[in-house]
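# Architecture at a glance
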Amino acid sequence: METIKIKYFTDKIDKLTYIDGKSDWIDLRAAEDVDLKQGEFKLIPLGVAMELPKGYEAHIVPRSSTFKNFGIIQTNHQGVVDCSYCGDNDQWFMPVYAMRDTHISCNDRICQFRIVENQPKIVFDEVETLNGVDRGGFGSTGKQ
(Lines give C-alpha, C1' and ligand atoms only; values in the text may rest on other atoms or scores of the structure.)
Protein backbone atom coordinates (compact mmCIF):
# COMPACT_ATOMS: atom_id res chain seq x y z
CA MET A 1 0.00 0.00 0.00
CA GLU A 2 1.32 3.44 -1.00
CA THR A 3 1.12 6.46 1.30
CA ILE A 4 0.56 9.81 -0.39
CA LYS A 5 1.08 13.16 1.31
CA ILE A 6 -1.94 15.41 0.79
CA LYS A 7 -2.52 19.07 1.60
CA TYR A 8 -6.06 20.44 1.87
CA PHE A 9 -6.70 24.07 0.91
CA THR A 10 -10.08 24.22 2.67
CA ASP A 11 -11.93 22.48 5.47
CA LYS A 12 -15.22 22.82 3.53
CA ILE A 13 -14.75 19.61 1.51
CA ASP A 14 -14.89 16.03 2.70
CA LYS A 15 -11.51 14.35 3.08
CA LEU A 16 -10.53 11.93 0.34
CA THR A 17 -11.38 8.30 0.96
CA TYR A 18 -10.44 5.10 -0.81
CA ILE A 19 -13.41 2.72 -0.88
CA ASP A 20 -11.80 -0.71 -1.06
CA GLY A 21 -13.59 -3.22 -3.27
CA LYS A 22 -15.84 -0.65 -5.00
CA SER A 23 -13.50 1.15 -7.40
CA ASP A 24 -9.91 2.26 -7.51
CA TRP A 25 -11.00 5.75 -8.64
CA ILE A 26 -11.24 8.39 -5.88
CA ASP A 27 -13.78 11.24 -6.03
CA LEU A 28 -12.66 14.87 -6.01
CA ARG A 29 -14.88 17.76 -4.98
CA ALA A 30 -15.39 21.39 -5.89
CA ALA A 31 -13.62 23.49 -3.28
CA GLU A 32 -15.88 26.51 -3.77
CA ASP A 33 -19.35 27.43 -5.02
CA VAL A 34 -19.32 27.98 -8.78
CA ASP A 35 -21.95 29.60 -10.99
CA LEU A 36 -21.43 29.30 -14.74
CA LYS A 37 -23.43 30.60 -17.67
CA GLN A 38 -23.68 28.53 -20.84
CA GLY A 39 -20.45 28.90 -22.82
CA GLU A 40 -18.28 29.96 -19.88
CA PHE A 41 -14.93 28.37 -18.96
CA LYS A 42 -13.54 28.04 -15.45
CA LEU A 43 -10.77 26.28 -13.59
CA ILE A 44 -12.63 24.77 -10.63
CA PRO A 45 -10.35 24.36 -7.60
CA LEU A 46 -10.42 20.87 -6.13
CA GLY A 47 -9.01 21.86 -2.75
CA VAL A 48 -6.07 19.44 -2.69
CA ALA A 49 -2.40 19.17 -3.57
CA MET A 50 -0.48 15.90 -3.35
CA GLU A 51 3.07 14.68 -3.32
CA LEU A 52 2.91 11.67 -5.63
CA PRO A 53 5.62 9.01 -5.45
CA LYS A 54 8.41 9.33 -8.02
CA GLY A 55 7.46 7.44 -11.18
CA TYR A 56 3.70 7.93 -10.73
CA GLU A 57 1.08 10.33 -12.07
CA ALA A 58 -2.58 11.08 -11.39
CA HIS A 59 -5.26 10.89 -14.09
CA ILE A 60 -8.27 13.16 -13.48
CA VAL A 61 -11.54 12.58 -15.37
CA PRO A 62 -15.19 13.58 -14.87
CA ARG A 63 -17.48 11.30 -12.90
CA SER A 64 -20.06 9.48 -15.01
CA SER A 65 -22.80 11.76 -13.62
CA THR A 66 -20.94 15.07 -13.98
CA PHE A 67 -22.46 16.12 -17.30
CA LYS A 68 -25.98 15.00 -16.35
CA ASN A 69 -25.87 16.74 -12.96
CA PHE A 70 -24.00 19.93 -13.86
CA GLY A 71 -23.93 20.30 -17.66
CA ILE A 72 -20.16 20.74 -17.74
CA ILE A 73 -17.45 19.00 -19.73
CA GLN A 74 -13.79 18.77 -18.82
CA THR A 75 -11.98 20.76 -21.50
CA ASN A 76 -8.82 18.66 -21.56
CA HIS A 77 -10.92 15.45 -21.35
CA GLN A 78 -8.34 13.93 -18.99
CA GLY A 79 -6.02 15.82 -16.72
CA VAL A 80 -2.60 14.40 -15.97
CA VAL A 81 -0.75 15.51 -12.83
CA ASP A 82 2.85 14.35 -12.79
CA CYS A 83 4.94 13.86 -9.66
CA SER A 84 6.78 17.18 -10.15
CA TYR A 85 3.56 19.12 -9.42
CA CYS A 86 3.94 18.71 -5.66
CA GLY A 87 4.51 22.11 -4.03
CA ASP A 88 2.55 23.82 -1.30
CA ASN A 89 0.70 25.98 -3.86
CA ASP A 90 0.16 23.25 -6.50
CA GLN A 91 -3.59 22.88 -5.99
CA TRP A 92 -5.38 20.59 -8.42
CA PHE A 93 -8.04 22.12 -10.70
CA MET A 94 -10.63 20.83 -13.14
CA PRO A 95 -10.89 22.93 -16.33
CA VAL A 96 -14.55 22.97 -17.39
CA TYR A 97 -16.82 24.40 -20.08
CA ALA A 98 -20.50 24.94 -19.29
CA MET A 99 -22.95 23.55 -21.84
CA ARG A 100 -25.86 25.17 -19.92
CA ASP A 101 -26.29 27.59 -17.02
CA THR A 102 -25.31 25.69 -13.90
CA HIS A 103 -24.49 25.88 -10.20
CA ILE A 104 -21.91 23.69 -8.51
CA SER A 105 -21.85 23.78 -4.72
CA CYS A 106 -18.74 23.53 -2.63
CA ASN A 107 -18.17 19.84 -1.79
CA ASP A 108 -20.06 18.52 -4.86
CA ARG A 109 -18.28 15.51 -6.36
CA ILE A 110 -17.38 16.60 -9.88
CA CYS A 111 -14.46 14.43 -10.95
CA GLN A 112 -12.35 11.45 -9.96
CA PHE A 113 -8.73 10.40 -10.12
CA ARG A 114 -6.46 7.42 -9.90
CA ILE A 115 -2.71 7.08 -9.47
CA VAL A 116 -0.88 5.17 -12.18
CA GLU A 117 2.71 4.23 -12.82
CA ASN A 118 4.46 6.20 -15.55
CA GLN A 119 4.88 4.55 -18.93
CA PRO A 120 8.23 2.75 -19.15
CA LYS A 121 10.93 4.23 -21.36
CA ILE A 122 10.46 2.96 -24.90
CA VAL A 123 12.44 2.94 -28.13
CA PHE A 124 10.74 3.02 -31.53
CA ASP A 125 12.06 0.50 -34.06
CA GLU A 126 11.20 1.70 -37.57
CA VAL A 127 10.30 -1.20 -39.89
CA GLU A 128 8.91 -1.64 -43.41
CA THR A 129 6.27 -4.19 -42.35
CA LEU A 130 4.48 -5.29 -39.19
CA ASN A 131 3.66 -8.87 -38.15
CA GLY A 132 0.09 -8.20 -36.95
CA VAL A 133 -3.19 -9.02 -38.70
CA ASP A 134 -4.27 -6.25 -41.11
CA ARG A 135 -7.77 -5.08 -40.13
CA GLY A 136 -8.29 -2.53 -42.88
CA GLY A 137 -6.88 0.53 -41.16
CA PHE A 138 -10.05 2.01 -39.63
CA GLY A 139 -11.36 1.25 -36.16
CA SER A 140 -12.27 -2.22 -34.96
CA THR A 141 -14.33 -3.17 -38.03
CA GLY A 142 -12.01 -1.93 -40.75
CA LYS A 143 -14.99 -0.18 -42.36
CA GLN A 144 -15.47 3.55 -42.82
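The sections below set out a description of the structure shown in this document.

The rules we used
Residues numbered from 1 in each chain as written. Predicted model: local features only at pLDDT ≥ 70, side-chain atom pairs only at ≥ 80, totals over all residues. Heavy atoms only, no water. Pairing = 2+ DSSP bridges. Helix = DSSP H or I, 4+ residues; strand = E, 2+ residues; numbered from the N terminus. Axes fitted to C-alpha atoms, helices over the stretch in contact; angles between N-to-C directions. Patch = residues over 30% accessible without salt bridge, like charges linked within 9 Å, V, L, I, M, F, W, Y side chains within 5 Å. Areas by Shrake-Rupley, 256 points an atom, 1.4 Å probe, with all protein chains shown as cover. Salt bridge = Lys/Arg side-chain N within 4 Å of Asp/Glu carboxyl O. Disulfide = S-S within 2.5 Å. Buried < 20%, exposed > 50% of the residue type's maximum accessible area, 1.4 Å probe, protein only.

Let us look at the sheet that holds strand β7 (residues 72-74). Strand order in the open sheet formed by three strands is β4-β9-β7, with antiparallel pairing between adjacent strands. Bordering the open sheet on either side are β4 (41-45) and β7, each of which pairs with just one other strand. Across this sheet, the average inter-strand angle for adjacent strands is 40°, counted without regard to direction.

Taken together, the side chains of F41, L43, F67, I73, Y85, F93, Y97 and M99 present a nonpolar region at the surface, about 730 Å² in accessible area. Looking at the secondary structure, you find L43 in strand β4.

By the definition in use, this model includes zero disulfides. Of all cysteine sulfurs in the structure, the one in C83 sits closest to C86, which takes part in no disulfide; the separation is 7.1 Å. C106 forms no disulfide, and the closest cysteine sulfur to it belongs to C111, at a distance of 13 Å.

The next point concerns the sheet that holds strand β8 (residues 79-82). One open sheet accounts for four strands, arranged β2-β11-β6-β8; its pairing is antiparallel. Because the sheet does not close on itself, it has two edges, and the strands there are β2 (26-29) and β8. Put simply, the sheet's adjacent strands are angled 30° from each other on average, direction ignored. For β2 and strand β11 (residues 109-117), the ladder comprises four bridges, and the chain directions are antiparallel. Within β11, the residue paired with D27 across the bridge is Q112.

Our next topic: the pattern of salt bridges. Two side chains bearing opposite charge may form a pair once their charged atoms approach each other closely. A full pass over the atoms with the stated rule returns six salt bridges. Measuring nitrogen to oxygen at the nearest pair gives 3.5 Å for the salt bridge that ties D14 to R29. One end of the pair, D14, is in the loop between β1 (5-8) and β2; the other, R29, is in strand β2, with 15 residues separating them in the sequence. By relative accessible area, R29 is classed as buried at 18%. Salt-bridge contacts for R114 lead to D24; the nearest nitrogen and oxygen are separated by 2.4 Å. Linking R114 in strand β11 with D24 in the loop between β1 and β2, this pair joins segments that are 90 residues apart in sequence. Exposure remark for R114: the relative accessible area of 26% places this residue in the partly exposed category. Three or more residues joined by partner-sharing salt bridges are found here, namely D27, R63 and R109.

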